[in-house]
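Chain by chain, the residues:
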Amino acid sequence: LRDFNKANEYFQKAIEKKSDTALAHWGMLLATQGVSDDNELADIRFNIKENPYYKMAMQYASGEEKMRFARIDSLVDASLLREATAICSSGFEKLQSGDFGAADTLFTNALGIKSEISLAYWGKLLVSQSARSDDELASRAMDVQNNELFISAMKFASPIEKERYNALLSQISVQVEKKVQELLDRADRYLQSGDV
């Protein structure tokens, strides 16, 4: 039948009778998203955590209901993460080809889908420094640790991503040491030659 308006009307009446009915709020969530069950809900792209019906359903849910709702939330979240990760992959391809504008747009789009995706912040960091890769960024011996994009990338990073970012910091540290040593050597040569 799939009459979402009529279903919505009945869920609303149930909420009016007893506002703390988790299943009525969950039903409102389903009806307003135009789906008839949890599986369909898990397949659509939206920020479930920000939905007021989801929040109310979770607030009033029993233990079993919370587990059900949280399972759907994690499926929706995983779907968003997959989509944002795929967009980031395209962004990194654009970076490698030197198309920084297109890469930046892709990373911004990924953040629009999932704002807690480390790879998008990392990509935007590379774009902001006009670097095509981690190695190119490291070779510039720039302090990225205090950069907001780096901080965001670290905040949302998985353990593997943190490992990658920390490896870059180590590379940068080595490059900084080399540059400092080069400067000291030059200064020493000028001191020794008397051409100060």
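None of the values given here were measured: they were computed from a predicted structure.

What counts and how
Residues numbered from 1 in each chain as written. Predicted model: local features only at pLDDT ≥ 70, side-chain atom pairs only at ≥ 80, totals over all residues. Heavy atoms only, no water. Helix = DSSP H or I, 4+ residues; strand = E, 2+ residues; numbered from the N terminus. Rg over C-alpha atoms; globule rule 2.2 N^0.38 Å. Buried < 20%, exposed > 50% of the residue type's maximum accessible area, 1.4 Å probe, protein only. Contact = heavy atoms within 4.5 Å. Areas by Shrake-Rupley, 256 points an atom, 1.4 Å probe, with all protein chains shown as cover. Lys, Arg positive; Asp, Glu negative; His and termini not counted. Charge placed at Lys NZ, Arg CZ, Asp CG, Glu CD. Patch = residues over 30% accessible without salt bridge, like charges linked within 9 Å, V, L, I, M, F, W, Y side chains within 5 Å. Salt bridge = Lys/Arg side-chain N within 4 Å of Asp/Glu carboxyl O.

Help me out: how do you make sense of the overall build of the chain in this one?
Looking only at helices and strands, one finds ten helices and zero strands in the chain. The secondary structure elements of the chain, listed N-terminal to C-terminal, are α-α-α-α-α-α-α-α-α-α. For 196 residues, the compact-globule estimate of 2.2 N^0.38 gives 16 Å, and the C-alpha radius of gyration of the chain, at 25 Å, exceeds that figure by more than 25%. Here the C-alpha coordinates of the chain stretch approximately 95 × 35 × 25 Å along the principal axes. For the chain, buried positions account for 34% of its 196 residues. When contacts within the chain are restricted to residue pairs at least 6 apart in sequence, those whose partners lie at least 24 apart make up 56%. Put simply, the chain shows about 11,700 Å² of open surface, and 51% of that area lies on carbon and sulfur atoms. Of the charged side chains in the chain, 24 are positive and 30 negative; the average position of the first set lies 4 Å away from that of the second.

I'm lost on unusual backbone geometry in this one. Help?
In most cases, non-glycine residues show a negative phi, while peptide bonds are predominantly trans. Positive phi values are uncommon outside glycine, yet Ser 130 reaches one of about 50°. Residue position: Ser 130 is located in the loop between helix 7 (118–128) and helix 8 (134–139). Taking the relative accessible area as the measure of exposure, Ser 130 reaches 41% and is therefore partly exposed.

How should helix 7 be read in this particular structure?
For an α-helix the count is 3.6 residues per turn, leaving residues at separations of three or four pointing the same way. Counting buried positions along helix 7 yields ten of eleven residues, so the element is predominantly enclosed. Those residues of helix 7 that sit buried are Ser 118, Leu 119, Ala 120, Tyr 121, Trp 122, Gly 123, Lys 124, Leu 125, Leu 126 and Val 127. Contacts made by the buried residues of helix 7 are with helix 5 (63–96), helix 6 (100–113), helix 8, helix 9 (148–155) and helix 10 (159–193). After helix 7 finishes, the residue Ser 130 shows a positive phi value of roughly 50°.

Could you clarify how one ought to interpret a nonpolar patch on the surface in this entry?
Side chains of Val 176, Val 180 and Leu 184 sit close together on the surface and give an oily, nonpolar patch of about 220 Å² of accessible area. Within the element layout of this structure, Leu 184 appears in helix 10.

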